[in-house]
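Descriptive analysis of the structure
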Amino acid sequence: AGHLAAATSTGGITFKQAGRVGDSPIVGAGCYADDQAGAISCTGHGESIMRLTLARYALSLTHDRPPAQACAEALGQMYARVGGCGGTISVTPNGDVGIAFSTPRMAWACVRGEAEACSGIDRRRTAAEAGLAGASPLVEAVAL
């Protein structure tokens, strides 16, 4: 077994205030990794992501539910509590991948072992339609 790591780059935000630091470099907000919990990278409305510490919160939910469901629930909580939208891609220590987003689209890709790559960008069905308990109808979730 190895160690987990997470990295997130930023596209920034148009007309940002001089000196603004976004969520990407803040551990627990834009990205987070823990060998026992998993690794995650987030994107979206940085101020909302920072207020909830979205990455940390989403990974904390994976101890008793699949990562796609955990991420979908965390995004639903972010929207309910601070009004922001975003997306996540996460992996558990045993290799389960979960992708969720509450934006109209989010580009994502994944390769597991020797398997063929899979990717997506547009919504196919919401997390609620996919049968993920507690998921917001605003969130798309992909379980791989």
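Residues numbered from 1 in each chain as written. Predicted model: local features only at pLDDT ≥ 70, side-chain atom pairs only at ≥ 80, totals over all residues. Heavy atoms only, no water.

This paragraph deals with the confidence of the model for the protein chain. Mean pLDDT over the protein chain: 81, with 81% of residues reaching 70 or higher. Highest mean pLDDT in the protein chain belongs to helix H2 (residues 54–60) (95); lowest belongs to strand E7 (residues 140–143) (61). Predicted confidence for residues 131–135 stays below pLDDT 50, and this span has 10 contacts to residues more than four positions away or in other chains. (pLDDT = per-residue confidence, 0-100. Helix = DSSP H or I, 4+ residues; strand = E, 2+ residues; numbered from the N terminus. Contact = heavy atoms within 4.5 Å.)

As a rule of thumb, soluble globular proteins bury nonpolar side chains together. Ile40, Cys42, Ile49, Leu54, Ala74 and Met78 are the most contacted members of the largest nonpolar core, which has 18 residues in total. Elements with a contribution of two residues or more to this core: strand E2 (38–44), helix H1 (46–52), H2 and helix H3 (67–82). By residue number, the principal contributor to this core is H3, which donates six residues. Core analysis: the second largest hydrophobic core is formed by six residues, Ile99, Met106, Trp108 and Cys110 among them. (Core = buried A, V, L, I, M, F, W, Y, C linked by side-chain atoms within 4.5 Å. Buried < 20%, exposed > 50% of the residue type's maximum accessible area, 1.4 Å probe, protein only.)

Now for the pairing of strand E3 (residues 86–91). Each regular strand shows side chains that alternate between the opposite faces of the sheet. In this sheet, E3 lies alongside E2 in antiparallel orientation, the contact comprising six bridges. In the strand pairing of E3, threonine 43 is matched with glycine 87. Where E3 meets strand E4 (residues 97–101), five bridges bridge the pair, whose relative direction is antiparallel. For glycine 87, the partnering residue across the bridge sits in E4 and is phenylalanine 101. Linking two consecutive strands that pair antiparallel, namely E3 and E4, is a turn of five residues; a positive phi of about 95 degrees is found at glycine 95 within it. (Pairing = 2+ DSSP bridges.)

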